[in-house]
Amino acid sequence: MKIYTGTGDEGKSSLFSGERVMKNSPRLDACGEVDELNTLIGALVSVIPDAEDGLIAQLQGIQSHLFRIGALLATSPDSPFMEELERITEEHVQGLEEQIDALEATLSPLSGFLLPGGHMSASWAHMARAVCRRAERRVVSVLADAPAPGSSLLKWPLAYINRLSDFLFVLARHCNRSHGKPDVPWKR
Amino acid sequence: MEEVSHMSTPPTDTRKGTITLESRRFLTEDTFEVSFRCPPDFQFVPGQRIRLHQGQLSREYSIISAPGDPHIRLCIRMIKGGRFSVLLAAVQPGARFLYSGPTGHFVFQPSPRSPVLVATGTGIAPYLSMVSTGLKDFTLLHGIRDELETYYRDRFEPAARLYVPCISGKGPEEPASLEVFPGRVTDYLEQRLPLGAYDFYLCGRREMVQDAVRLVDARFSDSRVFMEIFY
């Protein structure tokens, strides 16, 4: 089976549930943002030392969850196929909150804004965080267009993306600390 | 499905095992069916594929048998210069292959719209598995070179609302049977299928799928499209 279909050369693409939509539709836009976010997390994983295998596993788990969110976004809410998809639930959001709390407990208290950057891994985490925020805005756009059943299906994915940006912020600080790089506070 | 497919959840089981070829029967000069005993833990949805491995070679094929069938059956056309299809056409029953899968999302999704199944050649394979599990009242357009290739007609006709072999290789003369459409499946979509919203399932050659999608976008714009490209 070929990876390319050549059926999108005139600006349309097929949703997972079969509908033909313009490639700049809010739904495909949101899919693209989640895809970009996932890609950046992959880049982040590639610069985290192998010794931090627990963290790598966490990030790869998050990447799998982002695939689920991509599939949910790429499926029309009224499609019966939606029933077949794996969901993102409140438990996933709580899991992410627990990971945030665990990482944050190892860091010094924050007293102000920080400049994004530091070690390469921290920089990737910050870049992923910024894209995560953009993905969140795009999912909100999808929700604004979606009828009620669609809104409820995206409730927890939206919350997950929101918490993920917080996780990535804390992770960036963790990466700097573990590589001996101090936080750089913002100065007016 | 272009970029969307790259990020969707793949219902893929990557376990590998060994399956044994039990039988083979030729349907035409270059198209044949092979049958393997189904491993007890191999579960799939009609429309999905299995990947066969032999040495460094591997190929995916749509399964034509139904889930629960004691055999996994595949419909294969020998491709000129093809290595795996030629191998499968020649090996003796008892030959063993590694397999992995199932893979693929080309599964039937019920909806209020009428399903229109479109295939070229052995692209009809996934529909056979769907029909074996109860799919009916569909329109099926099967693009073939001649009437010898209507090899599953007796399986589809009882279930289909309309079964139309579309014969493109006949040349200018009239087809031997009046129950065929003299032209490509895409000609049928353009000239005969009433305007409306359908669920299109497209399986087979890339050029057919591309042309059919263009027609759907132009003529059947509120339709849904599911596609599987064979080669």
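Residues numbered from 1 in each chain as written. Chains lettered and ligands numbered in written order. Predicted model: local features only at pLDDT ≥ 70, side-chain atom pairs only at ≥ 80, totals over all residues. Heavy atoms only, no water.

Caption draft 1: Molecular detail of the overall build of chain A. Per the secondary structure count, chain A includes six helices and two strands. Going from N to C terminus, chain A has its helices and strands arranged as β-β-α-α-α-α-α-α. What you see for chain A is a C-alpha radius of gyration of 18 Å, in line with the 16 Å of a compact globule of 188 residues. By its C-alpha atoms, chain A is 50 × 35 × 35 Å across when sized along the principal axes. Within chain A, buried positions represent 49% of all 188 residues. Pairs at least 24 apart in sequence give 73% of the contacts found in chain A among residues at least 6 apart. Element-wise, carbon and sulfur atoms account for 54% of the exposed surface of chain A, whose accessible area totals about 9,100 Å². (Helix = DSSP H or I, 4+ residues; strand = E, 2+ residues; numbered from the N terminus. Rg over C-alpha atoms; globule rule 2.2 N^0.38 Å. Buried < 20%, exposed > 50% of the residue type's maximum accessible area, 1.4 Å probe, protein only. Contact = heavy atoms within 4.5 Å. Areas by Shrake-Rupley, 256 points an atom, 1.4 Å probe, with all protein chains shown as cover.)

Caption draft 2: Structural detail: the pairing of strand β7 (residues 114-120) of chain B. Residues and elements named next belong to chain B. The element β7 is extensively covered by neighbouring structure, given that six of its seven residues are classed as buried. Where β7 meets strand β10 (residues 198-204), six bridges bridge the pair, whose relative direction is parallel. Residue pairing in the sheet places A119 in a bridge with C203 of β10. For β7 and strand β8 (residues 139-144), the ladder comprises five bridges, and the chain directions are parallel. From the neighbouring strand, L117 faces β8, where its bridge partner is L140. Handedness of the crossover is the feature at issue here: the chain leaves β7, passes through helix α3 (residues 125-132), returns alongside β8, and the resulting connection is right-handed. (Pairing = 2+ DSSP bridges. Right-handed = clockwise from strand over helix to strand, strands pointing away.)

Caption draft 3: Spotlight on the environment of B:Y127. Residues and elements named next belong to chain B. The topology assignment puts Y127 in helix α3. Since its relative accessible area comes to 0%, Y127 is described here as buried. Look past the residues within four positions of Y127 in its chain and what remains in contact with it is F106, L117, V118, A119, L140, F156, Y201, L202 and C203. Of note is the side chain of Y127, whose polar atom sits 2.8 Å from the backbone oxygen of Y201. (Polar contact = N/O pair within 3.5 Å; in protein donor to acceptor, adjacent residues only side chain to side chain.)

Caption draft 4: Here's a closer look at the confidence of the model for chain B. Residue and element names in this part refer to chain B. Across chain B, the average pLDDT comes to 88, with 89% of residues at or above 70. Mean pLDDT across the elements of chain B bottoms out in helix α1 (residues 2-7) (34) and peaks in β7 (97). Scored below 50 in pLDDT, residues 1-11 makes 42 contacts in the model with residues more than four places away or belonging to other chains. Here the predicted complex carries an ipTM of 0.72, next to a pTM of 0.83. (pLDDT = per-residue confidence, 0-100.)

Caption draft 5: Local environment of the pattern of salt bridges. With the rule as written, the count across this model stands at 25 salt bridges over all chains. Across the pair B:R73 and B:E33 runs a salt bridge whose closest N-O atoms are separated by 3.1 Å. In this pair, B:R73 sits in strand β5 (residues 71-77) while B:E33 sits in strand β2 (residues 31-37), placing the two residues 40 residues apart along the sequence. Relative accessible area serves as the criterion here: at 18%, B:R73 is assigned to the buried category. The class for B:E33 is buried, based on a relative accessible area of 6%. Linked through salt bridges whose partners overlap, the residues forming this network are A:D29, A:E33, A:E36, A:R134 and A:R138. (Salt bridge = Lys/Arg side-chain N within 4 Å of Asp/Glu carboxyl O.)

Caption draft 6: Region of the structure containing the packing of helix α1 (residues 26-46) of chain A against helix α2 (residues 53-73) of chain A. Residues and elements named next belong to chain A. Across the interface, α1 lies against α2 with an axial gap of 9 Å and an inter-helix angle of 170 degrees. Between α1 and α2, the crossing angle belongs to the class labelled roughly antiparallel. Within the contact between the two elements, α1 uses R27, A30, C31, V34, L37, N38, I41, G42, L44 and V45 and α2 uses I56, L59, Q60, I62, Q63, L66, F67, I69, G70, L72 and L73. Its residues placed into classes, the contact of α1 with α2 shows 15 nonpolar, five polar and one charged. (Axes fitted to C-alpha atoms, helices over the stretch in contact; angles between N-to-C directions. Parallel < 35°, antiparallel > 145°, perpendicular 65-115°, else oblique. Nonpolar A, V, L, I, M, F, W, Y, C, P; charged D, E, K, R; others polar.)

Caption draft 7: Quick peek at the nonpolar core. Within the largest apolar cluster, 52 residues are counted, with the highest numbers of intra-cluster contacts made by A:L59, A:L164 and A:F167. Among the secondary structure elements, those contributing two or more residues to this core are α1, α2, α3 (90-104), α4 (120-145) and α6 (155-178) of chain A. Here this core gets eleven residues from one element, more than from any other, and that element is α6(A). One finds B:L27, B:L135, B:F156 and B:Y201 within the second-largest nonpolar core, a separate group that totals 25 residues. (Core = buried A, V, L, I, M, F, W, Y, C linked by side-chain atoms within 4.5 Å.)

Caption draft 8: Fine view of the sheet that holds strand β3 (residues 49-54) of chain B. Residues and elements named next belong to chain B. In space, the six strands of this open sheet follow the order β4-β3-β6-β1-β2-β5, with antiparallel pairing throughout. Because the sheet does not close on itself, it has two edges, and the strands there are β4 (57-62) and β5. When strand polarity is set aside, the average angle formed by the axes of neighbouring strands in this sheet is 40 degrees. Two strands pair when backbone bridges link them, and strand β1 (residues 16-26) and strand β6 (residues 96-103) are joined in this way by five bridges, in the antiparallel orientation. Each residue of the ladder has a partner; that of K16, found in β6, is S100.

Caption draft 9: The arrangement of the sheet that holds strand β11 (residues 224-229) of chain B in detail. Residue and element names in this part refer to chain B. The parallel open sheet is built from five strands, whose spatial order is β9-β8-β7-β10-β11. Two strands lie at the open edges of the sheet, namely β9 (162-167) and β11, each paired on one side alone. The mean inter-strand angle of the sheet, taken between neighbouring strand axes irrespective of direction, is 10 degrees. Strand direction decides the pairing type here: β10 and β11, joined by six bridges, are parallel. The residue bridging D199 from the neighbouring strand is R224, located in β11. Set on the sheet, α3 makes contact with β7, β8 and β10; between it and β10 the angle comes to about 130 degrees. Packed on one face of the sheet, helix α6 (residues 206-219) meets β7, β10 and β11 and runs near 165 degrees to β10.

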